[in-house]
Amino acid sequence: MTVKSSLVKAYKILQDAKVSEPEKSADFLMRQVLGWDKAQLITHSDYKLNDKEEKKFRQFIERRSKHEPVWYITGQIEFYGLDLAVNQNVLIPRPETELLVEQVVNNIKQLTNHKKDLRILELGTGSGAISLALANEVKNKKEGFRVTSTPSGVYPSLAENGQAGQNDIKIFASDISEKALKVAKGNAKSLGLDKEIELRQGDLFEPWKGEKFDYLVANLPYIPHEEMKTLVLDIHHWEPRIALDGGREGLEIYERLLEQASDYLNKNYRIFFEIGIGQGEKIRNLATKHISGSQVEIKRDYSNIDRIAIIKGK
Ligand SMILES: C[S@@+](CC[C@H](N)C(=O)[O-])C[C@H]1O[C@@H](n2cnc3c(N)ncnc32)[C@H](O)[C@@H]1O
């Protein structure tokens, strides 16, 4: 069969299965099978698939017809310029989460006079998307930022070598899900960032007892429990519930985090949360209730939805 006729058949299968964006899904999966870009798909639509390609495309379309997200089917997604592996044990990183990374990066860049190591903790790391994007930025891209080794002491830190400058940055991340952590560790290794980030498993701050941090970053579940059943099948059936369900009103996990946060933060701390529709005021109230003297700023995304809460301490 040619690319064109295979696609026409696939569109029909996906439309009948009421899959969202049937044509976009089929085109994308065909491009993954052939390793083509969008232009090639248009200009080479008469190309005849060989048996192996035909079989692989058929299998992909069968999976998509069960509403499996294309990213789980291909096992890969791009986030903040990094190729990340994903599977059903982790949330598929969303484009809006790139805004969260951007906020943290911009904030770090302004800290030119930070006189000691900057310790960043991410809770609920999932695939590792946020922490690995941060590690990649500070390690590979931005002059003046360096990620030093973690305090486990396996790798001698720059400070110990007597070369420590300002803005040495250490990144720590954890997740309650052992299976998610396995994905994050695999991503850290394949991106060559495994020495730049320390990963642990556990509920919120539990793996970090007795430690203090300057920056706290989290995209924890924030979908109100009642809304879970209204999510499209792609999300509801396929993505891990533990990555989505934020309990009553959606902010139960964030509230639990804020109750404990003061014990784990240095002076002049910054907290960055990803939040959802209409949650700005609620998170502001929770932050001021649980962390005295904190200042809260809410930023909206391109769709004008409350998306990022930045909580600053003195
Ligand atoms: C919305 S997902 C975000 C994943 C990733 N940070 C991202 O932005 O793509 C939330 C993550 O928080 C984790 N999580 C849920 N409850 C947690 C808890 N109590 N402590 C630590 N992690 C938790 C889930 O396992 C999931 O990986």
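Residues numbered from 1 in each chain as written. Predicted model: local features only at pLDDT ≥ 70, side-chain atom pairs only at ≥ 80, totals over all residues. Heavy atoms only, no water.

**Considerations on helix α6 (residues 95–109)**
Within an α-helix, residues lying three or four positions from one another point in the same direction, as the helix has 3.6 residues per turn.
Then, number 1: An ideal rise of 1.5 Å per residue puts 21 Å on 15 residues; α6 measures up with 22 Å between its terminal C-alpha atoms.
Then, number 2: Taken as a whole, α6 has its buried residues at T97, L99, L100, V101, V104, V105, N107 and I108. (Helix = DSSP H or I, 4+ residues; strand = E, 2+ residues; numbered from the N terminus. Expected span 1.5 Å × (residues − 1). Buried < 20%, exposed > 50% of the residue type's maximum accessible area, 1.4 Å probe, protein only.)

**Notes on the site of the ligand**
Then, number 1: Near the ligand you find 21 residues, and of these G124, D175, D203, N219 and A243 are the closest.
Then, number 2: Taking D203, its side chain carries an N or O atom lying 2.7 Å from a nitrogen atom of the ligand.
Then, number 3: In this structure, a nitrogen atom belonging to the ligand sits 3.5 Å away from a side-chain N or O atom of R256.
Then, number 4: Considering the ligand on its own, with 590 Å² of exposed area, one finds that the protein chains cover 97% of that surface. (Near = heavy atom within 4 Å. Polar contact = N/O pair within 3.5 Å; in protein donor to acceptor, adjacent residues only side chain to side chain. Areas by Shrake-Rupley, 256 points an atom, 1.4 Å probe, with all protein chains shown as cover.)

**Considering the packing of helix α1 (residues 3–16) against helix α2 (residues 22–34)**
Then, number 1: Relative orientation of the contacting elements α1 and α2 amounts to 135°, with a least axis distance of 9 Å. Compared by their axis directions, α1 and α2 come out oblique. The handedness of the crossing between α1 and α2 comes out as right-handed. On the side of α1, the interface is formed by V3, S6, L7, A10, Y11, L14 and Q15, while α2 contributes P22, E23, S25, A26, D27, M30 and L34. (Axes fitted to C-alpha atoms, helices over the stretch in contact; angles between N-to-C directions. Parallel < 35°, antiparallel > 145°, perpendicular 65-115°, else oblique. Left-handed = near helix turned anticlockwise from the far one by under 90°. Contact = heavy atoms within 4.5 Å.)

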